[in-house]
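# Survey of secondary and tertiary structure
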Amino acid sequence: MSKPMQLDEFLEAQSSGYTATIEAIPEKPTHVKVTPFHNAGGCGCAASIELPRAAIQSVTGTGTFHFCCGKRLEVAIVEFAEDATIPVADLMKQRQPAH
């Protein structure tokens, strides 16, 4: 059981971070693949995005592991850098199916 805390502290902790798995991209060493994690399971790779490493402020491992596409990945709470941006055109290119 968790320790007691003030309501505002609880609400702030609850609303910060993004639950995801993170993978290196060997052919793009300055980027990582961020995949949303949902407890329902299944492969979330279709929702992955590639981001510059600098866009991630911090990562906290949760101790929970997810198996996807033959890989064992730790689920993490990701905090993004406050000034992180990605051009819309780059984001849309990532959403297009490969030919």
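The structure presented is a predicted model; accordingly, all values stated were derived computationally and were not measured. (Residues numbered from 1 in each chain as written. Predicted model: local features only at pLDDT ≥ 70, side-chain atom pairs only at ≥ 80, totals over all residues. Heavy atoms only, no water.)

## So, the overall build of the protein chain
- A count of helices and strands for the protein chain gives 2 helices and 5 strands.
- The N-to-C order of helical and strand elements in the protein chain reads α-β-β-β-β-β-α.
- Taking the principal axes of the C-alpha coordinates as reference, the protein chain spans close to 55 × 35 × 20 Å.
- Counting across all 99 residues of the protein chain, residues that qualify as buried make up 22%.
- Intrachain contacts of the protein chain at a sequence separation of at least 6 include 42% that bridge at least 24 residues.
- Carbon together with sulfur atoms contributes 57% to the accessible area of the protein chain, which is approximately 7400 Å² in total.
- Each charge class in the protein chain can be summarised by its mean position, and for the 8 positive and 11 negative side chains these summaries are 11 Å apart. (Helix = DSSP H or I, 4+ residues; strand = E, 2+ residues; numbered from the N terminus. Buried < 20%, exposed > 50% of the residue type's maximum accessible area, 1.4 Å probe, protein only. Contact = heavy atoms within 4.5 Å. Areas by Shrake-Rupley, 256 points an atom, 1.4 Å probe, with all protein chains shown as cover. Lys, Arg positive; Asp, Glu negative; His and termini not counted. Charge placed at Lys NZ, Arg CZ, Asp CG, Glu CD.)

## Comments concerning the environment of Ala55
- Structurally, Ala55 can be placed in the loop between strand S3 (49-52) and strand S4 (56-68).
- Linking Ala55 and Thr85, residues 30 residues apart in sequence, is a C-alpha distance of 7.3 Å.

## Details of the pairing of strand S2 (residues 31-36)
- Of all 6 residues in S2, 5 are buried, a share of seventy percent or more.
- Where strand S1 (residues 18-24) lies against S2, 5 bridges are found, and the strand directions are antiparallel. If you follow Ala24 over to S2, its bridge partner there is Val32.
- If you look at the hairpin formed by S1 and S2, you'll find 6 residues sitting between the two strands.
- Alignment of S2 against S3, held across 4 bridges, turns out to be antiparallel. When the sheet's bridge partners are listed, His31 is paired in S3 with Pro52. (Pairing = 2+ DSSP bridges.)

## Observations concerning the packing of aromatic side chains
- Counted according to the given criterion, the structure contains 1 aromatic pair.
- Centre to centre, the rings of Tyr18 and Phe80 are 5.8 Å apart; their planes meet at 55 degrees, and the pair counts as tilted. Residue Tyr18 is located in strand S1, and its partner Phe80 is located in strand S5 (residues 71-80); the two are separated by 62 residues in the primary sequence.
- On the accessibility criterion, Tyr18 (35% relative accessible area) is partly exposed.
- Residue Phe80 is classed as partly exposed on the basis of its relative accessible area of 33%. (Phe/Tyr/Trp six-rings, centres within 6.5 Å; stacked < 30°, edge-to-face > 60°.)

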